[in-house]
Amino acid sequence: MEQHNWLEDILALLIGTTMVALGVFFFKETQLLTGGTAGLALLASQFMNLSFGQMFLLINLPFFVLGFAKMGAAFTFRTVACVLLVSVFTDYMHLVIDIAQLNRIYAALSGGFLIGTGMLILIRHKGSLGGVNILALYLQKRFAIRAGHVQMGLDVVIVTASYFLVPLSVLLWSISGAFALNIVIALNHKSGRYQGLS
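Some words on the overall build of the chain
Part 1 of the reasoning: For the chain, the helix and strand inventory stands at eight helices and zero strands.
Part 2 of the reasoning: A principal-axis box enclosing the C-alpha atoms of the chain has dimensions of 50 × 35 × 30 Å.
Part 3 of the reasoning: Per-residue burial over the chain gives 48% buried out of 198 residues.
Part 4 of the reasoning: Taking as baseline every contact in the chain between residues at least 6 positions apart, the subset at least 24 positions apart corresponds to 75%.
Part 5 of the reasoning: Counting only carbon and sulfur atoms, one obtains 68% of the accessible surface of the chain, whose full area is about 9,800 Å².

Laid out in structure tokens, this is it:
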């Protein structure tokens, strides 16, 4: 099987993290949440004097250790790079995009699709966004449990746990966004289907 070369991997990580950051930016601008460590970072940044990027990096630190132990050094290095890029891109997205109006329904669905597609690109080039993503990939690799199903289940739990912290309308659209995100991964990431290697 033909492997991805280093230039393809670098370009893929840049494209994937840019798509994820734009999706997260949509969520952030409309006060929506998402699952995984990104969702926790969005929620925490509303109550703490830290940006999304700072919280995203801090929350992911222990998962980097898990990734190194279970998935190897190369995967962990790429994951750290992805988390750093998404953190920086999201925090400074306002310098290149000025949104006067953004419909919450559109933000939930298109933001979810953007994040899901970006994550799919990262996964196919042996990277991830850390956190729950590492756990989902490990379970797929070790037990052949579909990563999209694991990710979707855990993301819905995380978003639903925010019930007491955000208005019901925000919660419902956030769940819709998490579903949109994970349907992309569930439909497109099946073990053995994609033959590209890095």
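Description of the environment of F63
Part 1 of the reasoning: Secondary-structure assignment places F63 in helix α3 (residues 52-71).
Part 2 of the reasoning: A sequence separation of 17 residues divides F63 from V80, and the C-alpha atoms of the two residues are 9.9 Å apart.
Part 3 of the reasoning: If we ignore the near neighbours within four places in the chain, the residues touching F63 are T37, G131 and I134.

Observations concerning the packing of helix α5 (residues 104-124) against helix α8 (residues 168-188)
Part 1 of the reasoning: Where α5 meets α8, the closest approach of the two axes is 8 Å, and the angle between their N-to-C directions is 30°. When the axes of α5 and α8 are compared, the pair comes out roughly parallel. Taken as a pair, α5 and α8 cross one another with a handedness that is right-handed. Packed against α5, whose contacting residues are R104, I105, A108, L109, G112, F113, I115, G116, T117, M119, L120 and R124, the element α8 presents S169, V170, W173, S176, G177, A180, L181, I183, V184, I185 and N188 at the interface.
Part 2 of the reasoning: Partitioned by chemical class, the residues of the contact of α5 with α8 number 14 nonpolar, seven polar and two charged.

Details of helix α2 (residues 36-47)
Since one α-helical turn is 3.6 residues long, residues separated by three or four positions face the same way.
Part 1 of the reasoning: Between its terminal C-alpha atoms α2 stretches 18 Å, which fits the 16 Å expected from twelve residues at 1.5 Å a residue.
Part 2 of the reasoning: Within the span of α2, buried status applies to G36, T37, A38, G39, A41, L42, L43, A44 and S45.
Part 3 of the reasoning: Residues of α2 that are buried sit in contact with α1 (6-29), α3, α6 (132-143) and α7 (147-160).

A short note on α6
Part 1 of the reasoning: With twelve residues, α6 extends 16 Å between its outermost C-alpha atoms, agreeing within 8% with the 16 Å of an ideal straight helix rising 1.5 Å per residue.
Part 2 of the reasoning: Buried residues of α6: V132, N133, I134, A136, L137, L139 and Q140, and no others.
Part 3 of the reasoning: Contacts from the buried residues of α6 go to α2, α3, α4 (73-91), α5 and α7.
Part 4 of the reasoning: Positioned one or two residues after α6, A144 has a phi angle of 60°, which is positive.

Some details on the environment of L13
Part 1 of the reasoning: Considering the arrangement of structural elements, one finds L13 in helix α1.
Part 2 of the reasoning: Here the alpha-carbon distance between L13 and I175, two residues 162 residues apart in the chain, equals 26 Å.
Part 3 of the reasoning: Not counting residues within four places of it along the chain, the set of residues in contact with L13 comprises R78, C82, L122 and H125.

Notes on the confidence of the model for the chain
Part 1 of the reasoning: Of all residues in the chain, 95% have pLDDT values of 70 or greater, and the mean over the chain is 87.
Part 2 of the reasoning: α7 is the least confidently modelled element of the chain, averaging 75 in pLDDT, while α1 averages 95, the highest of any element.

Some remarks on the packing of α2 against α3
Part 1 of the reasoning: Two numbers describe how α2 lies on α3: the axes approach to 8 Å, and their chain directions differ by 135°. Classed by the angle they form, the pair α2 and α3 counts as oblique. In this structure, α2 meets α3 at a crossing whose hand is right-handed. Along the contact surface, α2 presents T37, A38, L40, A41, L42, A44 and S45, while α3 presents F52, M55, F56, I59, N60 and F63.
Part 2 of the reasoning: Looking at the contact of α2 with α3, its residues break down into ten nonpolar, three polar and no charged.

Focus: the packing of aromatic side chains
Part 1 of the reasoning: What the rule picks out here adds up to two aromatic pairs.
Part 2 of the reasoning: Both rings, one in F26 and one in Y106, keep their centres 6.3 Å apart while their planes meet at 45°; by these two values the pair is tilted. Placement of F26 in helix α1 and of Y106 in helix α5 is noted, with a sequence separation of 80 residues between them.
Part 3 of the reasoning: With relative accessibility at 11%, the residue F26 sits in the buried group.

Rules and cut-offs
Residues numbered from 1 in each chain as written. Predicted model: local features only at pLDDT ≥ 70, side-chain atom pairs only at ≥ 80, totals over all residues. Heavy atoms only, no water. Helix = DSSP H or I, 4+ residues; strand = E, 2+ residues; numbered from the N terminus. Buried < 20%, exposed > 50% of the residue type's maximum accessible area, 1.4 Å probe, protein only. Contact = heavy atoms within 4.5 Å. Areas by Shrake-Rupley, 256 points an atom, 1.4 Å probe, with all protein chains shown as cover. Axes fitted to C-alpha atoms, helices over the stretch in contact; angles between N-to-C directions. Parallel < 35°, antiparallel > 145°, perpendicular 65-115°, else oblique. Left-handed = near helix turned anticlockwise from the far one by under 90°. Nonpolar A, V, L, I, M, F, W, Y, C, P; charged D, E, K, R; others polar. Expected span 1.5 Å × (residues − 1). pLDDT = per-residue confidence, 0-100. Phe/Tyr/Trp six-rings, centres within 6.5 Å; stacked < 30°, edge-to-face > 60°.

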